[in-house]
Amino acid sequence: MKLKNLLAAFVAAVILFTTSCNTSEPGTGTQIYIDIVTVQSRTETGTTFTCRKEADSPLATYFTSQVISGNFLKEGDRILIQYTADQGRYVSGNINVFAATTTAGAGAQVPEEDFLLLPNPKGSVVTMNSVWRTGTYLNAVFLARSASNYKTCRMVADQTTLNDEYPVIRIIFEPETGADESNYAFYMSYSISQILGRPGVKGVRVYYNDPSQKQEYVQIEAFTSEPIRPIE
């Protein structure tokens, strides 16, 4: 069975506006999960993914006889899948995937740039749902109004802060207008292994443009499971 790239279905569904959630398949009582996973391998006989619940929790390996069709995904990519799991969630074993799509960033190293040279470093307003770390990956999901083919959706690390205990990463989103303009959920996943590997780094601070028009941030620790917000 081949997996479909159901980008529109994933992005448009408000029910997906959560870090990870579960529902029941109608009429079966089977739990259906949604998670960001890493494509471990692709062969003619199936696909292998790895998945971590949060922070440094154990890494689960998922197997499926389904084959990802097309070239929109490759080994090492971070993707969003909707699935059922024979052995349970975050437990290594067989899964059945109903839909798969890419994430913004797809697991690439977060780029390091000079914010003073960016045309709009704050980006447009987003309603943040969650920012969290899984291993060396930094993930985020937020709600924003846009056409599905947005102009910009990326994370950028501030070069001037890389030697700080908490280097700064910004989420920059620029919407697009169009006939399908609506409130969409957007998923992101970038590698921060190079940043966390720098001497003295304890974590990162992730800034985004909050609806209150102020630069809100979440502090992500390198060795703990929970994001810590600043005291107002």
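Along each chain, residue indices are assigned from 1 in the same order as the chain's sequence is written. In keeping with the model being predicted, local features are shown solely for residues with a pLDDT of at least 70 and side-chain atom pairs are shown and tallied solely at 80 or more, while totals for entire chains, interfaces and linings include all residues. The side-chain numbers reported here are obtained from all heavy atoms of the structure, hydrogens and water having been left aside.

1. Thoughts on the sheet that holds strand β14 (residues 182-191)
So, point 1. Read from one edge of the open sheet, three strands run β10-β11-β14, paired in antiparallel fashion. Each edge of the open sheet is held by one strand with a lone partner, namely β10 (127-134) and β14. The sheet shows a mean angle of 15° between the axes of neighbouring strands, direction not considered.
So, point 2. Bridge count between β10 and strand β11 (residues 137-146): seven bridges; the pairing is antiparallel. Bridging across to β11, V131 finds its partner in A140. By this definition, two strands are paired if DSSP reports at least two bridges between them. Helix and strand assignments follow DSSP, with helices taken as H or I runs no shorter than four residues and strands as E runs no shorter than two, numbered in order from the N terminus. Between N-to-C directions, angles cover 0 to 180 degrees, with each direction set by a line fitted to C-alpha atoms, over the stretch in contact for helices.

2. Structural notes on the side chain of T161
So, point 1. Assignment of secondary structure puts T161 in the loop between β12 (152-158) and β13 (168-174).
So, point 2. Identification of polar contacts relies on pairs of N or O atoms within 3.5 Å, with a donor-acceptor requirement for protein atoms, meaning one able to donate a hydrogen and the other able to accept it, and with residues adjacent in sequence counted only if both atoms are side-chain atoms. Polar side-chain contacts of T161 include one of 2.9 Å to the backbone oxygen of D158.

3. Description of the nonpolar core
So, point 1. For our purposes a nonpolar core is just a set of buried Ala, Val, Leu, Ile, Met, Phe, Trp, Tyr and Cys residues, chained together by side-chain atoms within 4.5 Å. Under the scheme applied here, a residue whose accessible area is under 20% of the maximum for its type counts as buried, over 50% as exposed, and between as partly exposed, the area being computed with a 1.4 Å probe on protein chains only. In terms of nonpolar packing, the biggest core is built from 28 residues, with L138, F142, M155, I169, I171 and M188 touching the most fellow members.
So, point 2. Contributing elements (two or more residues each) for this core: β10, β11, β12, β13, β14, β15 (203-209) and β16 (215-221).
So, point 3. Formed by 17 residues, the second largest nonpolar core is a distinct cluster that contains V37, Y62, I79 and Y83.

4. Regarding the pairing of strand β5 (residues 59-64)
So, point 1. Side chains of β5 alternate between two faces, with A60, Y62 and T64 buried and L59, T61 and F63 left unburied.
So, point 2. By the bridge criterion, six bridges tie strand β4 (residues 46-52) to β5 in an arrangement that is antiparallel. Looking at β5, one finds that T50 is bridged to T61.
So, point 3. Linking β4 to β5, which pair antiparallel, is a turn of six residues; within it A55 sits at a positive phi near 40°.
So, point 4. Relative to strand β8 (residues 93-102), β5 runs parallel, the two sharing two bridges. Its bridge partner lying in β8, Y62 is registered against G93.

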